[in-house]
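Here is what each chain is made of, one letter per residue.
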Amino acid sequence: HNTTGTRNNRSSPPWGTSGLRPARFSRAAQLDTHHNSTVGSTSIKGWARPGPAARSSRSTESTNCSPLLRCCQTAAGAVVGLEEEEEQMGRTSTGGSSSKLKIRIEHGIVESLCEKWYRSWCLPGSDGTWGYCPEEPTVAGSDSVWDVDIATIHPMAKIPSPSELFLSRADMEKRLRESCGEVIQTRSGDIVDQDYTESIAPLADNFCWGTFESRKMQLARASELTTKLAARHPGETILLLSHGSPVTHMFEVITGKDWTVHGVCGYASFSTYAHERVVNDGDDGDGEEGICIVWKEPLVTNDSTHVLDETSAEYKSGH
C-alpha cells in the first residue's frame, strides 16, 4: 500500500504518459444496514486510524470496492485492519467474521465515467489531473485548448465497454500481492473474492470517449447500487470503497440533499449511513407490496479525523 496515495489504475498498458495517476484517494462509504446499530469502523492498516466517531461494536460483513487498482489497494489495507481489530477485541460473527473478509470488486462503484475522468488519463500529456486540459491548443487550426484530436487519444478510451479497462479479478489479486506489503503477500487464501463475478449494479457497455456517463446516469447508478446492497445485506454492516464523485452521488440519493452539503471529499474520508426496512402493504395508492428501504440521517459524513494526529483537538472532538 502506497502511503503517499499515488496508485495505479491498472498495471499495463500505461494510462497517459506517466502510467500513474496522482493522488485521487479512495473514499470509504459505509452502509450500516442495521437500523439500531452504531457507527461502523473503517480501520485501515498502515495509514488510517479510526477516530472517536468511527468506533463500533459491530463486525463488517462485506467489503465492496471499485475495480480500480488504487482503490483495491486501500480495500486490502482495510481488510487487514478489520481483521486485526476483530482479533484484538476478541470478536467473531457467525458466517461473516472479518477473518473471512474478501474484496468484492463492484463495477457499480467505479469512478464516474464522465469526460473529466477520461481526460485525466487518455489524452497526450494527461497527468492524472481531473479534467486535464493542456496549456496550449493541440488540434491544428483550433484556438481552443479543449479541442481534442481523436486520433491521438489512448486506444483504450475508444473501447465502448468500460469493463475492458479493468484488471481481471485474478490479475488484481496478483497486483495486490505485489504492491501491498508483507501482510498481504503472506496471507493465506485470496484477498479478492474470485467468486463474486456479477456486479450488483453493472455498468452500461457503451461508455467511451465521446459517449460519457452523464450526471443523471451517475445518480441512477448510485441509487441502484445503494438500494440493492441494502436489500442484500439486511442487519449487516458493509464497507464500500470508492471515489469522490460516486461517494457524493451516494450522499445525494440517500439524503435527497445536494452534494455541496456533503462537500468535496477529504483525504481518505468516510461516511456512514443507516436505514430501516419498511413493509409496504400497498395501501399507499401504488398497489404494490414489498420491502422498502428508508434511509435515516447519516451517522457520519465526509469524516477524515482518523488521519489526524491523535493528540490534536480536532481528532479528540471527532469533527
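Residues numbered from 1 in each chain as written. Predicted model: local features only at pLDDT ≥ 70, side-chain atom pairs only at ≥ 80, totals over all residues. Heavy atoms only, no water.

A. Inspection of the overall build of the chain at higher detail. The helix and strand tally for the chain stands at eight helices and seven strands. A burial count over the chain gives 52% of its 319 residues as buried. (Helix = DSSP H or I, 4+ residues; strand = E, 2+ residues; numbered from the N terminus. Buried < 20%, exposed > 50% of the residue type's maximum accessible area, 1.4 Å probe, protein only.)

B. Representation of helix 6 (residues 244-255) within the structure. Here helix 6 spans 17 Å end to end across twelve residues, near enough to the 16 Å set by a 1.5 Å rise per residue. The buried fraction of helix 6 is high, at ten of twelve residues. Where helix 6 is concerned, the buried positions are Gly244, Ser245, Pro246, Val247, Thr248, His249, Met250, Phe251, Glu252 and Ile254. Positioned one or two residues after helix 6, Gly256 has a phi angle of 80 degrees, which is positive. (Expected span 1.5 Å × (residues − 1).)

C. Molecular detail of the nonpolar core. Grouped together as the largest cluster of nonpolar side chains are 22 residues, with contacts concentrated most on Cys65, Ile103, Met172, Leu176 and Ile191. Mapped by element, the contributors of at least two residues to this core are helix 1 (69-89), strand 3 (103-105), helix 3 (169-179) and strand 4 (237-242). Of all the elements, helix 1 adds the most residues to this core, at nine residues. Not counting residues up to four positions away in its chain, the partners in contact with Ile103 are Thr63, Cys65, Cys72, Ala75, Ala76, Val79, Leu176, Ile191, Val192 and Asp193. Counting residues in hydrophobic clusters, the runner-up holds 18 residues, among them Trp121, Leu123, Ile153 and Leu203. (Core = buried A, V, L, I, M, F, W, Y, C linked by side-chain atoms within 4.5 Å. Contact = heavy atoms within 4.5 Å.)

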